[in-house]
Amino acid sequence: MIEYPIHVSVIIPVYNAVKYIERCTCSLLGQTLENMEFIFIDDHTPDESMEALGRVIERYPARKRQIKIIHHKSRRGIAAVRNTGLDNAVGEYIGWVDSDDWVDGEMFEKLYLSAVRSGADIAWCDYYVNFPQEEKVRQKLSEDPQALLRAILLENLMTPLWNKIMRRDLFTRYGIRFLDGVDMAEDKNVCIKILGVSSRVKYVPQGFYHYETNNRGSLMHRHDDSHRIDYTL
């Protein structure tokens, strides 16, 4: 049992990720931020992702008590998976990592400290996408939630969950959920809702997240050339 305050809960959907989950999990369990929890949600994956996950966890005994593994009895889709994660998270902030992606070791420490020092409800960073070589996506952001909302609604700004941490209290206080069964643009829907109730956003101008485009069997796979855009507000 975790006996100390959790700074960041990271929610990781698992489905058809056996080729990638070792890289993903090592990048998470090697984070420099200590007070974390990692919530892996098995959406009834048909491959050996969960067995591979178990083998990796054994290599990080100091992190084992920070790990929750939840199994869906049938495939329910990405929106339901994310809601399961929210239902089980206890951290001050929520983070998101897809099981075929990976993150730099200091990502959550940097985002958390930036959020705490600035009093932000959301901390946001740049990221990398492979096409198939890695390309950095720079998000030069206003830190005004209303300006960000306008940019999203005008489709001038991509809204992945995974380059952000969000204050968990916003989800619970305002009853913000993913729409069960609506698995396209579920991230955009929630980002809009969270920004609508946020007071401050903190942009961290560094790339920490690495988005994998080659796993076409995953729950999260999308190929969208608009990821290449250098967004400027």
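Analysis parameters
- Every chain is numbered independently, its residues counted from 1 as its sequence is written.
- Totals for whole chains, interfaces and linings use all residues, but because this is a predicted model, local features are given only for residues with pLDDT of at least 70 and pairs of side-chain atoms are given and counted only at 80 or more.
- Values reported for side chains reflect all heavy atoms of the structure, with hydrogen atoms and water molecules removed beforehand.
- Accessibility here uses a 1.4 Å probe with only protein chains present; expressed as a share of the type maximum, an area under 20% marks a residue as buried, one over 50% as exposed, and anything in between as partly exposed.
- By definition, any uninterrupted DSSP run of H or I lasting at least four residues is a helix, any uninterrupted run of E lasting at least two residues is a strand, and each is numbered from the N terminus.
- Between two residues, a contact is recorded if the distance between any of their heavy atoms is within 4.5 Å.
- Any two strands with at least two DSSP-identified bridges between them are counted as paired.
- A clockwise path from the first strand over the helix to the second, with the strands pointing away from the viewer, defines a right-handed crossover.
- Whenever a helix is involved, its axis is fitted only over the stretch in contact; in every case the axis is a line through C-alpha atoms, and angles between N-to-C directions fall within 0 to 180 degrees.
- Each angle receives one of four descriptions, namely roughly parallel if under 35 degrees, roughly antiparallel if over 145, roughly perpendicular if within 65 to 115, and oblique otherwise.
- Throughout, a crossing is termed right-handed when the near helix is turned clockwise from the far one, and left-handed when it is turned anticlockwise from it by less than a right angle.
- Residue classes follow a fixed rule: Ala, Val, Leu, Ile, Met, Phe, Trp, Tyr, Cys and Pro count as nonpolar, while Asp, Glu, Lys and Arg count as charged, and any other residue, Gly among them, counts as polar.
- By salt bridge we mean one thing: a side-chain nitrogen of Lys or Arg within 4 Å of a carboxyl oxygen of Asp or Glu.

**Student:** Any chance you could explain helix H1 (residues 21-29) here in plain terms?
**Tutor:** An α-helical turn contains 3.6 residues, so any two residues separated by three or four positions project in the same direction. The buried count for H1 comes to seven of nine residues, which makes it a mostly enclosed element. Within the sequence span of H1, burial applies to Ile-21, Cys-24, Thr-25, Cys-26, Ser-27, Leu-28 and Leu-29. Buried-residue contacts for H1 involve strand S1 (8-14), strand S2 (36-42), helix H2 (49-57), strand S3 (67-71), strand S5 (102-103) and helix H4 (107-118).

**Student:** Sorry, what's going on with the pairing of S1 here?
**Tutor:** It is a general feature of regular strands that their side chains alternate between the two faces of the sheet. For S1, a buried count of seven out of seven residues is recorded, marking the element as mostly surrounded by other parts of the structure. Residues Val-8, Val-10, Ile-12 and Val-14 point to one face of S1 and Ser-9, Ile-11 and Pro-13 to the other, with burial holding for every one of them. Where S1 lies against S2, seven bridges are found, and the strand directions are parallel. Bridge pairing in S2 links Val-10 to Phe-38. Traced from S1 through H1 to S2, the parallel crossover comes out right-handed. Where S1 and strand S4 (residues 93-96) come together, four bridges link them in parallel fashion. Note that in S4 the partner of Ile-11 across the bridge is Trp-96.

**Student:** Help me understand the packing of helix H5 (residues 145-153) against helix H7 (residues 186-196), please; the structure alone is not making it clear to me.
**Tutor:** Relative orientation and spacing of two packed helices are given, respectively, by the angle between their axes and the distance between those axes. Interhelical geometry of H5 versus H7 gives an angle of 155° and a closest axis separation of 9 Å. By the criterion of interaxial angle, the relationship of H5 to H7 is roughly antiparallel. At the point where H5 passes H7, the crossing takes the left-handed sense. Residues Pro-145, Leu-148, Leu-149, Ile-152 and Leu-153 of H5 lie in contact with H7, whose contacting residues are Lys-188, Ile-192, Leu-195 and Gly-196. Classifying every residue of the contact of H5 with H7 gives seven nonpolar, one polar and one charged.

**Student:** For this particular structure, what's the right way to read the pattern of salt bridges?
**Tutor:** Two side chains bearing opposite charge may form a pair once their charged atoms approach each other closely. This model, assessed by the stated rule, comprises 12 salt bridges. Where Glu-186 meets Arg-82, a salt bridge forms, and the shortest distance between an N and an O atom there is 3.1 Å. Note that Glu-186 is positioned in helix H7 and Arg-82 in helix H3 (residues 78-88), a separation of 104 residues in sequence. Arg-177 is the partner of Asp-87 in a salt bridge, and the nearest nitrogen-oxygen pair spans 2.5 Å. Placement of the pair is Asp-87 in helix H3 and Arg-177 in the loop between helix H6 (168-174) and H7, with a sequence separation of 90 residues. Taking relative accessible area as the criterion, Asp-87 reaches 52% and is therefore assigned exposed. Classification of Arg-177 by relative accessible area gives partly exposed; the value is 35%. A single salt-bridge network, built from bridges that share partners, covers Arg-82, Asp-98 and Glu-186.

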